[in-house]
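# Chains, contacts and geometry: an overview
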Amino acid sequence: MNRETIEAFAADSRGGARLLGLDLGTKTIGLALSDVQRRIASPLETIKRVKFTPDAAALAAIATKHAVGGLVIGLPLNMDGSEGPRVQSTRAFVRNLKPILPLPVLFWDERLSTAAVTRTLLEADASRARRGALVDKLAAAYILQGCLDVLDGLRDEGEAEQDFL
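Summarised in this report is the structure supplied together with it.

Quick notes on the rules
- Residues numbered from 1 in each chain as written.
- Predicted model: local features only at pLDDT ≥ 70, side-chain atom pairs only at ≥ 80, totals over all residues.
- Heavy atoms only, no water.
- Buried < 20%, exposed > 50% of the residue type's maximum accessible area, 1.4 Å probe, protein only.
- Helix = DSSP H or I, 4+ residues; strand = E, 2+ residues; numbered from the N terminus.
- Pairing = 2+ DSSP bridges.
- Right-handed = clockwise from strand over helix to strand, strands pointing away.
- Axes fitted to C-alpha atoms, helices over the stretch in contact; angles between N-to-C directions.
- Contact = heavy atoms within 4.5 Å.
- Core = buried A, V, L, I, M, F, W, Y, C linked by side-chain atoms within 4.5 Å.

### Re the pairing of strand β5 (residues 105-109)
- Burial along β5 is one-sided: Leu-106 and Trp-108 are buried, while Val-105, Phe-107 and Asp-109, pointing the other way, are not.
- Of the strand pairs in this sheet, strand β4 (residues 68-75) and β5 are connected by five bridges, and their pairing is parallel. In the strand pairing of β5, Leu-75 is matched with Asp-109.
- For the segment spanning β4, helix α3 (residues 85-97) and β5, crossover handedness is right-handed.

### Focus on the environment of Trp-108
- For Trp-108, the location among the structural elements is in strand β5.
- Classification of Trp-108 by relative accessible area gives buried; the value is 10%.
- For the pair formed by Trp-108 and Ile-143, sequence separation is 35 residues and the distance between their alpha carbons is 6.9 Å.

### Description of the sheet that holds strand β1 (residues 18-24)
- Reading across the sheet, the five strands line up as β3-β2-β1-β4-β5 and stay open at both edges, with mixed pairing between neighbours. The open sheet terminates on both sides in strands that have one partner only, identified here as β3 (41-48) and β5. Ignoring which end each strand starts from, the neighbouring axes of this sheet average 25° apart.
- Relative to β3, strand β2 (residues 28-34) runs antiparallel, the two sharing seven bridges. The residue bridging Gly-30 from the neighbouring strand is Thr-46, located in β3.
- Along the sheet face, helix α2 (residues 52-65) touches β1, β2, β3 and β4 and points at about 150° away from the line of β3.

### What to know about the nonpolar core
- By size, the foremost hydrophobic cluster in this structure holds 20 residues, and its most contacted members are Leu-20, Leu-22, Ile-29, Leu-31, Leu-59, Leu-71 and Leu-101.
- Tallying contributions element by element places α2 first for this core, with five residues.
- The contacts of Leu-101, once residues within four sequence positions are left out, are Leu-59, Ala-60, Ala-63 and Leu-71.
- If you look at the next biggest cluster of nonpolar residues, it comprises 16 residues, including Leu-19, Leu-106, Leu-144 and Leu-148.

Have a look at this one:
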């Protein structure tokens, strides 16, 4: 992840406000929410996709309800890092969402997030139905936690610099 991009996102998103993580799929949108200190991501819910307008309205309502200050959206890059049709679809969704939900957005590499979550659920012996119900919001939490960990590292670096001043 580009350091300048994440630093700009950290500066643009309202401090003290939660971040909302999204795992944008073709049939569902997995959601995760950070705490106000932006240290822990928790799975929130899964929205069944209908059409753009009701999907965007649902996201806006959730963001308002939880006083969200920024969005972290999983970017489904190909394994070689290239951008395919799913990335284009994700970027188009966010472009259309911006007028409805004018929050800072950070795209986060989501490669293997669903696979990692599915593997964890299999190890926990979760049934197929249970995995289906959980995987999207857990993938969103996985994506968001990756971002929060990097933000925490940047915060620690900033505090270390302050100690030397």
